[in-house]
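If you want the building blocks of each chain, they are given just below.
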Amino acid sequence: MAARPDYYKTLGVDKKATPDEIKKAYRKLARQYHPDRNPDDKHAEARFKEISQAHDVLGDPEKRKQYDSGTGPFATGAGPGGGFGGFGNFDFDASSMGDILSNLFGGAGGQRQRQRQRPERGGDLEAHVSISFDQAIAGAQVPLQVPMQATCETCHGTGAKPGTTPSVCPRCEGRGIETQGQGRFSISQPCSLCGGSGTVIEDPCPTCHGSGAVRTIKRLRVNIPAGVRDGSRIRLPGKGEPGRRGGPPGDLYLITRVSPSPVFTRKGDNLEVEVPLTIPEALRGAEVQVPTLDGSKTLRVPPGTAHGTVQRLRGEGPPKLASGSPPERGDLRYRFVIDVPKELSDEQREAVEALSKTMNGDPRAALLAAARSQEAQ
Ligand SMILES: [Zn+2]
Ligand SMILES: [Zn+2]
């Protein structure tokens, strides 16, 4: 069974604290450790949970009385589920979170209003860029047009006609929320008149019709790093939509569309090239010219090269993204394929006949023998 937590200590109040003192202590701590203020902080999250539990008990006169006297759900040695452990594992679900938020800020609408008045980061954008294979390997600077929301220059984002100012919303008196009911069971929601902003615009700006934002097309030149592939996602920090009320701009994500090369095929970090060999080249070996990314090279094909054999030029392939400067590079892989003519001239047919007289073994003999011995078993 869980040890009985000291809820007075959790809230930092005296055992004789008045309900008002408890409420004040809770509000102060809850604001400090609120997950909104401490994103991804596990410690703050745990503290917030403790504080909420403590308040749930000490903030309720009946539960507090039971807690003080060690009766009811707080009785030690009570049966399973009725004991303190059961209560201690209070389910911290979304609905109790909503309750806490509504106690703290007067409902989700109140929270929204708080955010509306703070500087707000601009939205992230996504755009597709089409580039050639060569641009993808070498990197490129390409022009781009991105549709985005921008602050209306006529009203500077207020939404009000120049010379006028938004007035305080008469329905919510600027709070941005409407509350129905009383106490713990009240429901708060964004004000239906002002939508939570707390202000109403009587004379809307003629340019943006009161929204404070206009759709524009931003023209940019973007740097595509060397080594991107078809479908790469590149983040350009700060190139997204402008922030509101002095907030930072969002990010722009580029998705690259790379047109295929007639020569090179992407295989992970490497590029592959199919190199045809004649039958005599495969038999006798040869020196063959092959294309590279910046010209050509000679490869030595050893005698007796089988169809599908791969030779590679290490580190001569495409640059690897985000691998430093100078970047690491993948490999160029050359796959030899034996070029079998569909038709033969008379002269070639004679040469093949002559060849078959000396190369007349049966390469399938071992295969068939193995198949037979398997059947016999
Ligand atoms: Zn405007
Ligand atoms: Zn309102």
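Just above, that's the structure.
Residues numbered from 1 in each chain as written. Chains lettered and ligands numbered in written order. Predicted model: local features only at pLDDT ≥ 70, side-chain atom pairs only at ≥ 80, totals over all residues. Heavy atoms only, no water.

Draft legend 1. Focus on the coordination of the zinc ion (ligand 2). At this site the zinc ion (ligand 2) is bound by Cys169 (SG), Cys172 (SG), Cys191 (SG) and Cys194 (SG), with donor distances of 2.2 to 2.3 Å. All donors to the zinc ion (ligand 2) come from one chain, and their sequence spacing reads C-x2-C-x18-C-x2-C. Placement of Cys169 in the loop between strand S3 (167–168) and strand S4 (177–180) and of Cys194 in the loop between strand S5 (187–190) and strand S6 (199–200) is noted, with a sequence separation of 25 residues between them. In this pair, the class of Cys169 matches that of Cys194, namely buried. (Donors = N, O, S within 2.8 Å, 3.2 Å for Na, K, Ca; no water. Helix = DSSP H or I, 4+ residues; strand = E, 2+ residues; numbered from the N terminus. Buried < 20%, exposed > 50% of the residue type's maximum accessible area, 1.4 Å probe, protein only.)

Draft legend 2. Expanded view of a positive patch on the surface. A surface patch of like charges, here positive, comprises Lys23, Arg27, Arg31 and Arg37. With respect to the helices and strands, the residue Arg27 is situated in helix H2 (residues 19–33). (Patch = residues over 30% accessible without salt bridge, like charges linked within 9 Å, V, L, I, M, F, W, Y side chains within 5 Å. Areas by Shrake-Rupley, 256 points an atom, 1.4 Å probe, with all protein chains shown as cover. Salt bridge = Lys/Arg side-chain N within 4 Å of Asp/Glu carboxyl O. Lys, Arg positive; Asp, Glu negative; His and termini not counted. Charge placed at Lys NZ, Arg CZ, Asp CG, Glu CD.)

Draft legend 3. Fine view of the coordination of the zinc ion (ligand 1). Listed as protein donors to the zinc ion (ligand 1) are Cys152 (SG), Cys155 (SG), Cys205 (SG) and Cys208 (SG); their distances from the metal cover 2.3 Å. Every donor residue of the zinc ion (ligand 1) comes from the same chain, spaced as C-x2-C-x49-C-x2-C. Separated by 50 residues along the polypeptide, Cys155 in the loop between strand S2 (140–151) and S3 and Cys205 in the loop between S6 and strand S7 (213–224) bring together distant segments of the chain. In this pair, the class of Cys155 matches that of Cys205, namely buried.

Draft legend 4. Structural detail: a nonpolar patch on the surface. Together, Ile279, Leu283, Val340, Leu355 and Met359 make up a nonpolar patch on the protein surface, roughly 450 Å² of accessible area in all. Considering the arrangement of structural elements, one finds Met359 in the loop between helix H10 (346–358) and helix H11 (365–376).

Draft legend 5. Highlighting the packing of aromatic side chains. Scanning all chains against the criterion turns up three aromatic pairs. A ring pair is formed by Tyr7 and Tyr67, whose centres lie 5.0 Å apart and whose planes are at 25°; its orientation type is stacked. One end of the pair, Tyr7, is in helix H1 (residues 7–11); the other, Tyr67, is in helix H4 (residues 61–69), and 60 residues separate them in sequence. The same class applies to Tyr7 and to Tyr67, which are both buried. Look at Phe133 and Phe264: their rings are 5.9 Å apart centre to centre, the planes differ by 5°, and that puts the pair in the stacked class. (Phe/Tyr/Trp six-rings, centres within 6.5 Å; stacked < 30°, edge-to-face > 60°.)

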